Amino acid sequence: MTETVNPKLATIKALLAKAEDPAASPAEAEAYFAKAADLMAKHGIEQAMLAETKPETDKLASRTFDVKGKYIPDRSALLFAITHALGAQNVYWRLHDWETGKAYRSIKVYAHESTLERVEMLFTSLQLQLLNGLKHTRPSYGESTTAYRKSWMAGFAASVRKRLAQAEEVALRENVQETGAVGAELVLVKREAAVEQYFKRAHPKVKAAARRRLTGSGWLDGKAAGDRADLGQVRLGGDRLKALSR
């Protein structure tokens with residue numbers, strides 16, 4: 001049985017793949033990302049409006065992302081930035097991989113199925129773009145490379161969150177202009193409230209995680225890289241299962 005491929009999603013994936021290419025110039029990557037983000041936002045509104053009349057087409061669900069390897073807190077922060085911009089909710093556990101002997105984070109994201117698909121596509125692509133950009137970072141003389149890189153990645157995530165949120169706002173505004181109705185805005189508010197209720201039922205005692213404190217000077221450089229990136233949480237503390245939100 002052949003799986004049906006959504007043409008718009010295929011286009012978005014192709015744009016993100018071009019942005020991930022290390023050979024792409026910053027300007028090219030920025031253009032690819034902006035177009036992908038635009039298409040994603042419009043696709044999200046289309047799915048939301050369809051689900052308003054046919055709820056079975058876009059149900060509430062959850063998806064787990066295991067973040068392992070290097071820069072775990074920093075890549076987790078990138079995922080949090082994406083989920084928050086798209087109206088999703090997340091929790092995470094700090095776990096231990098007994099085979100490798102290393103700690104990792106297991107992040108569970110709650111949203112409608114179409115949003116989860118967008119989150120996964122963006123996170124997969126933006127991690128690669130972040131790591132590609134990180135290779136070219138140069139801290140100031142005498143500054144800790146680790147501190148600089150962590151603040152750089154925080155700036156990258158902050159820019160991504162802002163750009164995704166802006167893409168969502170523009171898509172909504174254009175939808176209102178094209179249709180002459182405010183129905184889409186009401187539907188999106190309703191969907192975010194449903195996601196929040198769904199999340200709270202699953203984690204009624206969750207607590208907010210402490211804000212990270214970074215000392216490096218790379219935030220502005222990372223933000224600039226995030227501005228060029230192509231666009232288009234809660235923590236349960238390991239063995240003690242202490243719930244925190246992010």
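Residues numbered from 1 in each chain as written. Predicted model: local features only at pLDDT ≥ 70, side-chain atom pairs only at ≥ 80, totals over all residues. Heavy atoms only, no water.

A. Up close: the pairing of strand E2 (residues 89-97). Relative to strand E3 (residues 102-112), E2 is paired through nine bridges, and the arrangement is antiparallel. Of the residues in E3, the one forming a bridge with Asn-90 is Val-109. A loop of four residues connects E2 with E3, the two strands running antiparallel in sequence, and Gly-101 in this loop sits at a positive phi of about 80 degrees. (Pairing = 2+ DSSP bridges. Helix = DSSP H or I, 4+ residues; strand = E, 2+ residues; numbered from the N terminus.)

B. Just unusual backbone geometry, in detail. Of note, Tyr-71 is a non-glycine position whose phi angle comes to about 55 degrees, a positive value. With respect to the secondary-structure elements, Tyr-71 resides in the loop between strand E1 (60-67) and helix H3 (72-85).

C. Quick peek at the environment of Lys-18. If you trace the backbone, Lys-18 turns up in helix H1 (residues 7-20). For the pair formed by Lys-18 and Tyr-32, sequence separation is 14 residues and the distance between their alpha carbons is 6.9 Å. Among all residues touching Lys-18, those that are not within four sequence positions of it are Ala-24 and Tyr-32. (Contact = heavy atoms within 4.5 Å.)

D. Quick look at the environment of Ala-165. Tracing the backbone through its elements, the reader meets Ala-165 in helix H5 (residues 145-179). With 84 residues separating them in the primary sequence, Ala-165 and Ala-81 have C-alpha atoms 9.8 Å apart.

E. Structural detail: empty space enclosed by the protein. When its volume is computed, the largest cavity comes out at roughly 40 Å³. Taken together, Ala-37, Met-40, Ala-41, Leu-86, Arg-118, Leu-122, Leu-164, Ala-167 and Glu-168 make up the lining of the largest cavity. Of the residues assigned to the lining of the largest cavity, the class counts are seven nonpolar, no polar and two charged. (1 Å grid on protein atoms, 1.4 Å probe; cavity = no way out; pocket = protein on both sides within 12 Å on 5 of 7 lines; lining within 4 Å. Points joined across faces, edges and corners; volume = space filled by probe spheres on them. Nonpolar A, V, L, I, M, F, W, Y, C, P; charged D, E, K, R; others polar.)

F. Up close: the packing of aromatic side chains. All told, the structure shown has five aromatic pairs when counted by the stated rule. Relative to Tyr-198, the ring of Tyr-110 has its centre 5.7 Å away and its plane inclined at 70 degrees; by these criteria the two rings are edge-to-face. Taken as a pair, Tyr-110 in strand E3 and Tyr-198 in helix H6 (residues 183-202) lie far apart in primary sequence, 88 residues in all. When the centroid spacing of 5.5 Å and the interplanar angle of 75 degrees are considered together, the rings of Tyr-110 and Phe-199 count as edge-to-face. One end of the pair, Tyr-110, is in strand E3; the other, Phe-199, is in helix H6, with 89 residues separating them in the sequence. Phe-199 sits in the buried class, given a relative accessible area of 5%. An aromatic cluster is present here, built from Tyr-110, Tyr-198 and Phe-199 joined pairwise through their rings. Over the aromatic face of Tyr-104 sits the side chain of Lys-68, whose NZ or CZ is 4.7 Å from the ring centroid. (Phe/Tyr/Trp six-rings, centres within 6.5 Å; stacked < 30°, edge-to-face > 60°. Buried < 20%, exposed > 50% of the residue type's maximum accessible area, 1.4 Å probe, protein only. Lys NZ or Arg CZ within 6 Å of the ring centre and 35° of its normal.)

G. Fine view of H6. Between its first and last C-alpha atoms H6 spans 29 Å; for 20 residues at 1.5 Å apiece the expected length is 28 Å, and the two agree. Three or more residues of H6 are buried, namely Ala-184, Val-187, Arg-191, Val-195 and Phe-199. Buried residues of H6, viewed axially, fall in a sector of 110 degrees; they line one side. Counted as exposed and oriented over 90 degrees from the buried face of H6: Leu-186, Val-189, Lys-190 and Arg-201. (Expected span 1.5 Å × (residues − 1). Arc of directions from axis to C-beta.)

H. The packing of H3 against H5, seen in detail. Where H3 contacts H5, the two axes come as close as 8 Å, and the packing angle between them is 15 degrees. Put simply, H3 runs roughly parallel to H5. You can see that H3 and H5 cross each other, and the crossing is right-handed. Of H5, the residues touching H3 (which contributes Asp-74, Ala-77, Leu-78, Ala-81, Ile-82, His-84 and Ala-85) are Lys-150, Met-153, Phe-156, Ala-157, Val-160, Arg-161, Leu-164, Ala-165 and Glu-168. Partitioned by chemical class, the residues of the contact of H3 with H5 number eleven nonpolar, one polar and four charged. (Axes fitted to C-alpha atoms, helices over the stretch in contact; angles between N-to-C directions. Parallel < 35°, antiparallel > 145°, perpendicular 65-115°, else oblique. Left-handed = near helix turned anticlockwise from the far one by under 90°.)

Purely spatial values, then, with no claim about function.
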